[in-house]
Each structure stands twice: as C-alpha cells, then as structure tokens.
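# Analysis of the macromolecular model
Take a look at the letters that make up each chain.
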Amino acid sequence: MNIFLIPSWYPSRGNPIAGHFIKNQAIALGEYHQNARVIISLWGNEGTKINFEHPGEVFGRLLNYFQDKPYLKEVAPRVFEFNEPVLEWSARFLKGNIHSIIKANIQNFQKAQKKFGKIDLIHAHVSFPAGFVAMKLAE
C-alpha cells in the first residue's frame, strides 16, 4: 500500500521543530505496517514560507528557497520524502502561492507513482494548505 502524505507543517532547515509529530507519525506507520510505504510530499513548507509580519526572517526564508533542491530521500524504512521547493506566504496575499504549491505536489505525486506504482491513499494533515492540495490531487 502506498500512502501519499501531505503535511501543512514539517521540519525544515528554517524551522526544525515544525510538524515534528507528523514526521514521527509517518516513521511509526512505516515501522508498524510492513506492507505500507509512506511518501511525504514537501514543497519547502515552513522553511520557505515568507511571513511579511516578520521582515527580519524574509531573507533567511528566501535563502532557504534558493538553497533547497528537489530531492527524494528515504528517512526511515518504507518512509520517503519527495521535495519540490516553492515559496509560500499568507493566503491573504495572492492566495499564498497555492497554485505553485499544488503544482509541486502534483510533481511529487507523479514522481512517487513512477517510482513506487499506484498511490492507494492520499492523507493530508491540516485543512489548508495540505487538505486543499489533497482535494485537488484527488480530482
């Protein structure tokens, strides 16, 4: 079984504790279910999210974005991260770049299917942006 997990928050270079519980849950699923493969779809998440209310952090987040590269990494047995970096910001401003986030997740989804075969389950953590992205993928 291939589980495609979309987290709204996830540990990153910019925020190593964001969504740590999501990563731990994915690793636990991979350890407990020998027949399941967990594929985590990332787009930079907290590390490339620009918060205009904290202008001092903007440069660091831009730097993270330019240093981040697409990758596939096995983080635990049967647990894989696919990353396709994009910039993100508040949904109140130009919809938070949601179109690029959706596109990045579609690319991760296609790469995951090419590598592992059919995706059996799409699981999102938090309704926005992950839940919205999952809904678009399911369409």
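What counts, and where the lines are drawn
Each chain has its residues counted from 1, running along the sequence as written. It should be noted that, the model being predicted, local features are given only for residues of pLDDT at least 70 and side-chain atom pairs only at 80 or more, the latter also being counted only at that level, while totals for whole chains, interfaces and linings use all residues. The side-chain values count all of the structure's non-hydrogen atoms but skip hydrogen atoms and water molecules. Secondary structure elements are defined from DSSP: runs of H or I of at least 4 residues count as helices, runs of E of at least 2 residues count as strands, and each element is numbered from the N terminus. The length a helix should cover is 1.5 Å for every residue beyond the first. Accessible area is worked out with a 1.4 Å probe on protein chains only. A residue is then buried under 20% of its type maximum, exposed over 50%, and partly exposed in between. In this description, one arc is meant: the one made by directions from the helix axis to the C-beta atoms. Between two residues, a contact is recorded if the distance between any of their heavy atoms is within 4.5 Å.

### Comments concerning helix α3 (residues 98-116)
A rise of 1.5 Å per residue sets the reference length of α3, with its 19 residues, at 27 Å; its end C-alpha atoms lie 26 Å apart and thus fit the reference within 8%. Within α3, burial applies to I98, I101, I102, A104, N105, N108, F109, A112 and F116. The buried residues of α3 occupy an angular sector of 160° when projected down its axis, which confines them to one face. Exposed positions of α3 whose direction lies more than 90 degrees from the buried face are H99, K103 and K114. Looking at the buried positions of α3, the neighbouring elements they touch are β1 (2-7), β2 (37-42), β4 (79-83), β5 (121-125) and α4 (127-138).

### What about the environment of H99?
With respect to the element layout, H99 can be found in helix α3. Sequence separation between H99 and L63 is 36 residues, and the spatial gap between their C-alpha atoms is 21 Å.

### Here's the deal with helix α1 (residues 20-32)
For α1, spanning 13 residues, the distance from its first C-alpha to its last is 18 Å, which sits close to the expected 18 Å at 1.5 Å a residue. Regarding α1, the residues found buried are I22, A26, I27 and G30. For α1, the arc enclosing every buried residue in end-on projection is 135°, short of the 170-degree limit, so these residues lie on one face. Exposed positions of α1 whose direction lies more than 90 degrees from the buried face are F21 and Y32. Structurally, α1 contributes buried residues whose contacts are with β1, β2, β3 (71-76), β4 and β5.

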